[in-house]
Amino acid sequence: MSTPLRTDARAARLEVLRREYMGRIAAAIARQGRPLRVAPYVLAEPGAERQADLEKIAEYATATGWKVTSSTFADLGQPLPLPQRPGFEAACRYAAQGFAHGILAIARPAITTDNETYSLLLEYLHARSVFLAYLPTVDTLTTS
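Residues numbered from 1 in each chain as written. Predicted model: local features only at pLDDT ≥ 70, side-chain atom pairs only at ≥ 80, totals over all residues. Heavy atoms only, no water.

Description of helix α4 (residues 115–127)
Phase 1 of the analysis: Over its 13 residues, α4 extends 18 Å from the first C-alpha to the last, a length consistent with the 18 Å expected when each residue adds 1.5 Å.
Phase 2 of the analysis: Of all the residues in α4, the buried ones are Asn115, Tyr118, Ser119, Leu121, Leu122 and Leu125. Down the axis of α4, the sector holding all buried residues measures 165°, keeping them to one side. Opposite its buried face, α4 presents the exposed residues Leu120 and Ala127, each directed more than 90 degrees away.
Phase 3 of the analysis: Of the residues flanking the end of α4, it is Ser129, one or two places downstream, whose phi is positive at about 60°. (Helix = DSSP H or I, 4+ residues; strand = E, 2+ residues; numbered from the N terminus. Expected span 1.5 Å × (residues − 1). Buried < 20%, exposed > 50% of the residue type's maximum accessible area, 1.4 Å probe, protein only. Arc of directions from axis to C-beta.)

Considerations on the nonpolar core
Phase 1 of the analysis: By size, the foremost hydrophobic cluster in this structure holds 26 residues, and its most contacted members are Tyr41, Phe88, Ile103, Ile111, Leu121 and Leu132.
Phase 2 of the analysis: Residue assignment for this core shows that the elements contributing at least two residues are α1 (4–31), β1 (37–43), α3 (86–96), β4 (102–105), α4 and β5 (131–134).
Phase 3 of the analysis: Sort the elements by how many residues they give to this core and α3 lands first, with six residues.
Phase 4 of the analysis: Counting 14 residues, the second largest nonpolar core, distinct from the first, contains Val42, Leu54, Leu104 and Ala133. (Core = buried A, V, L, I, M, F, W, Y, C linked by side-chain atoms within 4.5 Å.)

Some thoughts on α3
Residue pairs three or four apart in sequence face the same way in an α-helix, which turns once every 3.6 residues.
Phase 1 of the analysis: Of all the positions in α3, only Gly87, Phe88, Ala90, Ala91, Cys92, Tyr94 and Ala95 are classed as buried.
Phase 2 of the analysis: Contact partners of the buried residues in α3: β1, β3 (73–75), β4, α4 and β5.
Phase 3 of the analysis: The positive-phi residue at the C-terminal boundary of α3 is Gly98, with phi of around 95°. (Contact = heavy atoms within 4.5 Å.)

Describing the side chain of Asp75
Phase 1 of the analysis: Locating Asp75 in the fold gives a position in strand β3.
Phase 2 of the analysis: Although Asp75 is buried, it forms no salt bridge, and the closest oppositely charged side chain is Arg85 at an N-O distance of 4.9 Å.
Phase 3 of the analysis: Among all residues touching Asp75, those that are not within four sequence positions of it are Tyr41, Val42, Leu43, Ala44, Arg50, Arg85, Pro86, Gly87 and Phe88. (Lys, Arg positive; Asp, Glu negative; His and termini not counted. Salt bridge = Lys/Arg side-chain N within 4 Å of Asp/Glu carboxyl O.)

Observations regarding the pattern of salt bridges
Phase 1 of the analysis: Applying the stated criterion to the full structure yields five salt bridges.
Phase 2 of the analysis: For Glu20, the salt bridge goes to Arg24, with nearest N and O atoms at 2.2 Å. Placement of both Glu20 and Arg24 in helix α1 is noted, with a separation of four residues, approximately one turn of the helix.
Phase 3 of the analysis: Exposure remark for Glu20: the relative accessible area of 36% places this residue in the partly exposed category.
Phase 4 of the analysis: A salt bridge links Glu89 to Arg93; its shortest N-O distance comes to 3.0 Å. A residue pair is termed a helical-turn pair when its members lie 3 or 4 positions apart in one helix, as Glu89 and Arg93 do in helix α3 at four residues.
Phase 5 of the analysis: Arg93 sits in the partly exposed class, given a relative accessible area of 43%.
Phase 6 of the analysis: One continuous salt-bridge network, built from bridges that share partners, spans Glu15, Arg18 and Arg19.

A closer look at the environment of Arg31
Phase 1 of the analysis: Among the secondary structure elements, Arg31 is positioned in helix α1.
Phase 2 of the analysis: Given a relative accessible area of 68%, Arg31 falls into the exposed group.
Phase 3 of the analysis: For the pair Arg31 and Phe73, spaced 42 residues apart in sequence, the C-alpha to C-alpha distance is 28 Å.

Here's the deal with unusual backbone geometry
Phase 1 of the analysis: Even without being a glycine, Ser129 presents a positive backbone phi close to 60°.
Phase 2 of the analysis: Given a relative accessible area of 47%, Ser129 falls into the partly exposed group.

Encoded structure:
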């Protein structure tokens, strides 16, 4: 059983790895002179909450200079295991087929809080030249 400190340290290492993969992919796209495209993914109930999350994602992507794909992806608000989320699975397939370079979500908990699953996902996406990105948090803004 891992202790909270070990779990936090693993999560921090995975965040470094995620950013590294994202940087590699973004640099490769920039060298090609192409705009970086992201597919929005939200974990929210249909309606106002989902629409607000998609708007936040689009605003952040635009401010960052990224293009938002016309296709968006979502699953209902209860975080099921990743294999049981058709919206996230569709976002991964869409990006792996070359329609997006990354998947942009509000925060990591919208994907998974399980470090082992997350590690495997990062490797799976990176092997397909796809990255995960999140909106900045207060912590990211103060440490950047």
